[in-house]
Every structure is written in C-alpha cells, then in structure tokens.
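Coordinates in review
Letter by letter, the chains look like this.
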Amino acid sequence: MALGGAIGSLARHGLSVAGAALLGRRFPWATLGINVGGSLLIGYAAGRPGLSAAARAFVMVGVCGGFTTFSSFSLQSFELVRGGRVGSAAGYVGGSVLLCLAAVAIGIRL
C-alpha cells in the first residue's frame, strides 16, 4: 500500500504541475481530472472480483489514496467562493461529484 501511495502521490503532483502549466490556475482543472481519473480507477478495481486482496489494497487504498485529492478539492472550492467566484465553485463541485460518480460506475463496468 505504501508503494501504491507513493506512486499515486507522484502521479498527482506531476499531473497538477502539468495541468497548471497547460491550463492555468484560474480553475482547478487538474484536480478535477485527477479526481475523475481516480474515481475511474477505484471503480475499475472494485469491479474486478478476481482481484486479490493485496492487489485491491495496493490500487484502492495505496494508488487511489495517494492520487485523489479531496482535501485539495475542498480547499479550491472554498477559495473560489472566497474569491467571489460562486458560479465557478458551484460548477466545480457539481462537476466533480457527477463526473466522479459516473467514472466509478464506468470503472466498475469495465
């Protein structure tokens, strides 16, 4: 699990830096994409009944735990509201919840 967490954390950092460089910092697109991707991955792992307990823990607890960024999501949502961008905050929260739920469902079906 620790190795999975390290992999997930490094991937999150790399994607966050790349996302900010490509898309800017005005809206947390990278965090949204990371959370959707992590939701897809955890759904995929959850939908694999033949996956061993160790492999499941590696992916779901380790990689996904290190990769997804709910605390960052919460802070960025708050900062959007505090900055007077309530519409952006609502879009970010709603989009995150809907897209991540859909990604889990798709992952389970894959």
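Predicted model, so just to flag it, every value in this text is computed and none were measured.

**Regarding the overall build of the protein**
- Counting secondary structure elements, the protein contains five helices and zero strands.
- Counting from the amino terminus, helix and strand elements in the protein follow one another as α-α-α-α-α.
- Over its C-alpha trace the protein gives a radius of gyration of 15 Å, about what one expects of a compact globule, namely 13 Å for 110 residues.
- Across the 110 residues in the protein, those meeting the buried criterion constitute 31%.
- Total accessible area on the protein stands at roughly 6,400 Å², and carbon and sulfur atoms take up 72% of it.

**So, the packing of aromatic side chains**
- Throughout the structure, instances matching the rule amount to four aromatic pairs.
- Arranged with centres 5.3 Å apart and planes meeting at 80 degrees, the rings of Phe27 and Tyr92 form a pair that is edge-to-face. Of this pair, Phe27 sits in the loop between α1 (2-23) and α2 (29-46) while Tyr92 is found in helix α5 (residues 86-109), placing the two residues 65 residues apart along the sequence. For the pair shown, Phe27 and Tyr92 are each scored as buried.
- Ring plane angle 55 degrees and centroid distance 5.2 Å describe the contact between Phe73 and Tyr92, whose orientation is recorded as tilted. In this pair, Phe73 is assigned in helix α4 (residues 70-82) and Tyr92 in helix α5, connecting sequence segments 19 residues apart. As far as the burial class goes, Phe73 and Tyr92 line up, both buried.
- Put simply, the rings of Phe27, Trp29, Phe70, Phe73 and Tyr92 touch in pairs and so form one group of aromatic residues.
- Lying over the aromatic face of Tyr44, Arg48 brings its terminal NZ or CZ to 4.6 Å of the ring centre.

**What about the nonpolar core?**
- Judged by nonpolar contacts, Phe27, Leu32, Phe73, Leu80, Ala89 and Tyr92 together constitute the single largest core of six residues.
- Of all the elements in the fold, those that place two or more residues in this core are α4 and α5.
- If sequence neighbours within four positions are ignored, Phe73 has contacts with Thr31, Asn35, Tyr92, Val93 and Ser96.

**Digging into the confidence of the model for the protein**
- With 100% of its residues at a pLDDT of at least 70, the protein reaches an overall mean of 95.
- Within the protein, the element-level pLDDT minimum falls on α4, averaging 91, and the maximum on α1, averaging 97.

Scoring rules and cut-offs
Residue positions are counted from 1 within each chain, in the order its sequence is given. Only residues with pLDDT of at least 70 get local features here, since the model is predicted, and only at 80 or more are side-chain atom pairs given and counted; chain-wide, interface and lining totals rely on the full set of residues. The side-chain figures draw on all heavy atoms in the structure; neither hydrogens nor water molecules are used. Here a helix means four or more residues in a row that DSSP labels H or I, a strand means two or more in a row labelled E, and each is numbered from the N terminus. Here the globule rule reads 2.2 Å times residues to the power 0.38, and the radius of gyration is calculated from C-alpha atoms. The cut-offs for exposure are 20% and 50% of the maximum accessible area for each residue type, with area from a 1.4 Å probe on protein chains only; residues under the lower value are buried, those over the upper are exposed, and the others partly exposed. In these tables, accessible area is a Shrake-Rupley quantity obtained with a 1.4 Å probe, and a residue counts as shielded only by the protein chains included in the view. Between rings of Phe, Tyr and Trp, where Trp is taken as its six-membered ring, a pair exists when centres lie within 6.5 Å; planes separated by under 30 degrees are stacked, by over 60 edge-to-face, and by other angles tilted. To sit over a ring, a charge needs its Lys NZ or Arg CZ within 6 Å of the ring centre and within 35 degrees of the ring normal. Working definition of a nonpolar core: buried Ala, Val, Leu, Ile, Met, Phe, Trp, Tyr and Cys residues. They are joined through side-chain atoms within 4.5 Å. Pairs of residues are marked as contacts when any of their non-hydrogen atoms sit within 4.5 Å. On a scale of 0 to 100, pLDDT captures the predictor's confidence in every residue.

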